[in-house]
Amino acid sequence: MGRIWAGTATAGLNLYRPRTDDFQRFHDPEQGLVMITGMVDGPHGQLYVATSAGLFLVDPDRGITPVRDAGGDLVGETITSLQVDESGEIWAHTSRGIV
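The following refers to the structure shown.

Conventions we followed
Per chain, the residues get numbers from 1 upward, laid out in the order the sequence is written. Given that this is a predicted model, residues contribute local features only at a pLDDT of at least 70 and side-chain atom pairs are listed and counted only at 80 or more, while totals for whole chains, interfaces and linings are drawn from all residues. Here the side-chain values reflect all heavy atoms present in the structure, with hydrogen atoms and water set aside. Strands are labelled as partners when DSSP assigns at least two bridges between them. Helix numbers and strand numbers start at the N terminus; a helix is a DSSP run of H or I with at least 4 residues, a strand a run of E with at least 2. Each pair of aromatic rings taken from Phe, Tyr and Trp, with Trp reduced to its six-membered ring, is defined by centres within 6.5 Å and is described as stacked if the planes are under 30 degrees apart, edge-to-face if over 60, and tilted in the remaining cases. Relative accessible area decides the class of each residue, using a 1.4 Å probe on protein chains only: under 20% of the type maximum gives buried, over 50% gives exposed, and in between gives partly exposed.

Summarising the sheet, strand β6 (residues 54–59) and strand β7 (residues 63–66) pair through 4 bridges and their orientation is antiparallel. Considered in β7, the bridge of Phe 56 is made with Pro 66. Connecting β6 to the antiparallel partner β7 that follows it, the hairpin turn spans 3 residues.

Laid out in structure tokens, this is it:
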């Protein structure tokens with residue numbers, strides 16, 4: 001069995017592990033991991049999480065890391081959706097366009 005990620009509108013992100021029947025919560029109001037607007041799988045078991053306050057990489061073992069784009073910081077940007085293209089690149093639709 002795998003894992004089930006559940007994003008919420010006010011309480012961050014939850015990870016459910018059916019095998020052990022336990023939850024891990026990722027909720028960090030200081031960083032902005034509160035209102036989840038989208039998610040895509042990362043290449044190594046982590047999750048890219050779009051929020052109303054930026055883009056984050058969430059790893060169950062390492063925690064929460066803000067994601068920066070080539071032009072600077074995505075922290076503070078409203079991310080409304082995420083897509084992964086055929087080459088594995090992640091594209092984010094933000095309040096300032098697609099990055």
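The discussion continues.
Moving on: the packing of aromatic side chains. Each pair of aromatic rings is reported with the distance of its centres and the angle of its planes. Within this structure, the stated rule accounts for 2 aromatic pairs. The interplanar angle of 40° and the centroid separation of 4.8 Å between the aromatic rings of Tyr 16 and Phe 23 together place this pair among those described as tilted. On the accessibility criterion, Phe 23 (60% relative accessible area) is exposed.

This paragraph deals with the environment of Gly 88. The topology assignment puts Gly 88 in the loop between β10 (79–84) and β11 (90–94). Judged by its relative accessible area of 47%, Gly 88 falls in the partly exposed class. As for Gly 88 and Gly 42, which are separated by 46 residues in sequence, their C-alpha atoms are 9.0 Å apart.

On to unusual backbone geometry. Here Asp 21, not a glycine, exhibits a phi torsion of approximately 50°, which is positive. Overall, the relative accessible area of 56% leaves Asp 21 in the exposed class.

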